[in-house]
Amino acid sequence: MDKRHFMYVLEPLGFTAPEEMTDAQQRIAGAHFDYLKRLTAGDEVVLAGRTEGAEMGIVVLEAQDEDRAREVM
């Protein structure tokens with residue numbers, strides 16, 4: 001089965017600019033970033049990043065089906 005592309009938008013509640021994050025928020029953001037890097041290295045994530053001027057991020061991934069895409073999300 002061919003892989004399909006999926007996209008999700010991440011809109012964190014209580015968004016805090018990176019330079020204003022607490023230590024706990026920085027640890028959570030760092031863990032999330034590391035997770036996305038592992039998925040990118042494993043060829044599941046095609047693109048991931050914060051949007052400029054908006055309080056959200058976008059992730060584009062390849063998955064066998066919607067169930068796997070939701071699992072990654």
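Residues numbered from 1 in each chain as written. Predicted model: local features only at pLDDT ≥ 70, side-chain atom pairs only at ≥ 80, totals over all residues. Heavy atoms only, no water.

Peer 1: Lay out the environment of Tyr8 with the relevant residues and their values.
Peer 2: With respect to the helices and strands, the residue Tyr8 is situated in strand S1 (residues 4–10). When its relative accessible area of 10% is taken as the criterion, Tyr8 is described as buried. As a C-alpha pair, Tyr8 and Val59 span 51 residues in sequence and 5.4 Å in three-dimensional space. Those residues in contact with Tyr8 that lie beyond four places of it in its chain are Leu36, Gly57, Ile58, Val59, Leu61 and Met73. (Helix = DSSP H or I, 4+ residues; strand = E, 2+ residues; numbered from the N terminus. Buried < 20%, exposed > 50% of the residue type's maximum accessible area, 1.4 Å probe, protein only. Contact = heavy atoms within 4.5 Å.)

Peer 1: Before we move on, could you go through the sheet that holds strand S2 (residues 45–50) and cite the residues and values that matter?
Peer 2: Sheet strands pair via backbone hydrogen bonds, and the direction of the pair is either parallel or antiparallel. An order of S1-S3-S2 is seen for the 3 strands of this open sheet, with the pairing classed as antiparallel. For this open sheet the edge positions go to S1 and S2, each flanked by a neighbour on one side alone. Here the average twist between neighbouring strands, direction ignored, is 15°. Two strands pair when backbone bridges link them, and S1 and strand S3 (residues 57–63) are joined in this way by 7 bridges, in the antiparallel orientation. Considered in S3, the bridge of Val9 is made with Ile58. Most of the contacts of helix H1 (residues 23–41) go to S2, to which it runs at about 155°, and overall it touches S1, S2 and S3. (Pairing = 2+ DSSP bridges. Axes fitted to C-alpha atoms, helices over the stretch in contact; angles between N-to-C directions.)

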